[in-house]
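So you can see what is in the structure, the chains are spelled out below.
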Amino acid sequence: QVQLVESGGGLVQAGGSLRLSCAGSGSIFISINAMGWYRQAPGKQRELVATITKGGSTNYADSVKGRFTISRDYAKNTVYLQMNSLKPEDTAVYYCNANIYTLAQGSTYYWGQGTQVTVSS
């Protein structure tokens with residue numbers, strides 16, 4: 001089974017930076033089609049933050065463009081989210097997501113358990 005584990009969350013003051021990591025493990029990966037980050041703030045629906053495809057194409061929510069950068073190291077089965085100029089409205093639980101093809105499960109979407117990011121004013 002594939003497991004995705006996020007790390008790097010925490011408490012930071014407005015204007016600060018954090019770097020989130022999401023590492024996949026547990027199964028032999030045939031291919032990683034895409035990886036991304038989502039977030040869910042209290043009382044709100046989960047929303048897309050950024051995605052990156054196998055070919056390196058990226059997509060960002062308008063609210064984070066120019067501040068966040070998604071990157072990946074598929075050799076390490078890892079995706080990163082560099083978050084700069086953080087704002088209180090960025091406070092949320094951040095989840096990584098990946099579409100991964102494995103021999104055992106085929107093409108499957110996986111979610112991490114989430115990591116809390118809190119930005120204080």
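In case you missed it, the structure is sitting above this.
Residues numbered from 1 in each chain as written. Predicted model: local features only at pLDDT ≥ 70, side-chain atom pairs only at ≥ 80, totals over all residues. Heavy atoms only, no water.

**Quick look at the pairing of strand β5 (residues 47-53)**
So, point 1. Inspection of the sheet shows strand β4 (residues 29-40) paired to β5 by six bridges, in the antiparallel sense. By the bridge assignment, Ala34 is partnered in β5 with Thr53.
So, point 2. Linking β4 to β5, which pair antiparallel, is a turn of six residues; within it Gly43 sits at a positive phi near 75 degrees.
So, point 3. Sheet analysis places β5 next to strand β6 (residues 58-60), joined by three bridges and oriented antiparallel. Looking across to β6, one finds that Ala50 is bridged to Tyr60.
So, point 4. In sequence, β5 turns back onto β6 through a hairpin of four residues, with Gly56 there showing a positive phi of about 100 degrees. (Pairing = 2+ DSSP bridges. Helix = DSSP H or I, 4+ residues; strand = E, 2+ residues; numbered from the N terminus.)

**Considerations on unusual backbone geometry**
So, point 1. A positive phi angle, close to 55 degrees, is found at Asn77, a residue other than glycine.
So, point 2. Note that Asn77 resides in the loop between β7 (68-73) and β8 (78-83).
So, point 3. Backbone geometry places Ser85, a non-glycine residue, at a positive phi of 50 degrees.
So, point 4. Within the secondary structure, Ser85 sits in the loop between β8 and β9 (92-102).
So, point 5. Residue Ser85 is classed as partly exposed on the basis of its relative accessible area of 40%. (Buried < 20%, exposed > 50% of the residue type's maximum accessible area, 1.4 Å probe, protein only.)

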